[in-house]
Amino acid sequence: RQAGLSAQENHLAMALVLVAPVVISWVAHPAIRVRVLGLVGVVITFFGMLESGSRAGFVVLLLCVALASALTPKLRRMVPIALLAAPLVLVALLADSGSLLTTIATESRLASGLGAQSDIGRSLLQQQALLDIQSSPFFGIGFDHLTDAHEVHLQLLAAGGVLTLAGYAIYWLT
């Protein structure tokens, strides 16, 4: 059995996005120990997202951090300072021969063309799922193949057929 929110890259990304506002709120906490824990949490969350390789997760994490910072009164005062510091950090990253910036762009797969391999892989998985659905549309080919399609609806149809997808729909509609 797969282990919870770290079973798949996008699951890990979702967990990190969910924890980001909490970690950001710790940065604004009055106790120094909690603030330090918050800063450590921000770093761990950032590098965890890079490790996940989820492009959407990385973008949503950045948006989540920006929103949490803007909505937290104590951090809101720091936003102008962060906006002034951002160009300096960017210049420092570029002065490092671009290696750290390149690593971040590569690991997050946000640089041009780096997501193409993933997109090709997803397309192949979806094509295989459609073939599996055609071979057994009502009962599916078995739940051993549940994570093969990389899309929930195709995964359910391929693994358990129309009956499983109907059960899934009933579950969410009731």
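It should be noted that the structure appears before, not after, this text.
Residues numbered from 1 in each chain as written. Predicted model: local features only at pLDDT ≥ 70, side-chain atom pairs only at ≥ 80, totals over all residues. Heavy atoms only, no water.

### Quick look at the overall build of the chain
Step number 1: Assigned secondary structure in the chain consists of eight helices and zero strands.
Step number 2: In sequence order, the secondary structure elements of the chain are arranged as α-α-α-α-α-α-α-α.
Step number 3: Looking at the chain residue by residue over its 174 residues, the buried ones come to 26%.
Step number 4: Across the chain, every contact between residues at least 6 apart in sequence was considered, and the portion connecting residues at least 24 apart equals 48%. (Helix = DSSP H or I, 4+ residues; strand = E, 2+ residues; numbered from the N terminus. Buried < 20%, exposed > 50% of the residue type's maximum accessible area, 1.4 Å probe, protein only. Contact = heavy atoms within 4.5 Å.)

### Details of the packing of helix H1 (residues 9-27) against helix H3 (residues 55-71)
Step number 1: Remark: H1 packs on H3, axes separated minimally by 9 Å, with the N-to-C direction vectors making an angle of 15 degrees. The angle between H1 and H3 falls in the class roughly parallel. As H1 runs across H3, the sense of the crossing is right-handed. Residues Ala13, Leu16, Val17, Ala20, Pro21 and Ile24 of H1 lie in contact with H3, whose contacting residues are Gly57, Val60, Leu61, Cys64, Val65, Ala68 and Ser69.
Step number 2: When grouped by side-chain class, the residues that make up the contact of H1 with H3 number 11 nonpolar, two polar and no charged. (Axes fitted to C-alpha atoms, helices over the stretch in contact; angles between N-to-C directions. Parallel < 35°, antiparallel > 145°, perpendicular 65-115°, else oblique. Left-handed = near helix turned anticlockwise from the far one by under 90°. Nonpolar A, V, L, I, M, F, W, Y, C, P; charged D, E, K, R; others polar.)

### Re the packing of H1 against helix H2 (residues 32-52)
Step number 1: For the pair H1 and H2, interaxial distance at closest approach is 9 Å and the crossing angle is 160 degrees. Here H1 is positioned roughly antiparallel relative to H2, judged by the angle of their axes. As for how H1 packs across H2, the hand of that crossing is left-handed. Residues Glu9, Leu12, Ala13, Leu16, Val17, Val19, Val23, Ile24, Trp26 and Val27 of H1 touch H2, and the partners they reach there are Val34, Arg35, Leu37, Gly38, Leu39, Gly41, Val42, Thr45, Gly48, Met49 and Ser52.
Step number 2: Class assignment for the residues of the contact of H1 with H2 results in 14 nonpolar, five polar and two charged.

### Considering the nonpolar core
Step number 1: Formed by Ala13, Leu16, Val17, Ala20, Met49, Leu50, Phe58, Leu61 and Cys64, the largest nonpolar core amounts to nine residues.
Step number 2: Among the secondary structure elements, those contributing two or more residues to this core are H1, H2 and H3. (Core = buried A, V, L, I, M, F, W, Y, C linked by side-chain atoms within 4.5 Å.)

### Comments concerning the packing of aromatic side chains
Two descriptors summarise a pair of aromatic rings, namely the distance from one centre to the other and the angle between the planes of the rings.
Step number 1: If you walk through the whole model with that rule in mind, you get two aromatic pairs.
Step number 2: Judged by centre distance (5.2 Å) and plane angle (80 degrees), the rings of Phe46 and Phe47 are edge-to-face.
Step number 3: Where Phe46 meets Phe58, the ring centres are 5.7 Å apart and the plane angle is 55 degrees; that geometry is what we call tilted. Taken together, the residues Phe46 in helix H2 and Phe58 in helix H3 connect sequence positions 12 residues apart.
Step number 4: Taking the relative accessible area as the measure of exposure, Phe46 reaches 23% and is therefore partly exposed.
Step number 5: Judged by its relative accessible area of 5%, Phe58 falls in the buried class. (Phe/Tyr/Trp six-rings, centres within 6.5 Å; stacked < 30°, edge-to-face > 60°.)

No statement about biological role is implied by the geometric values presented.
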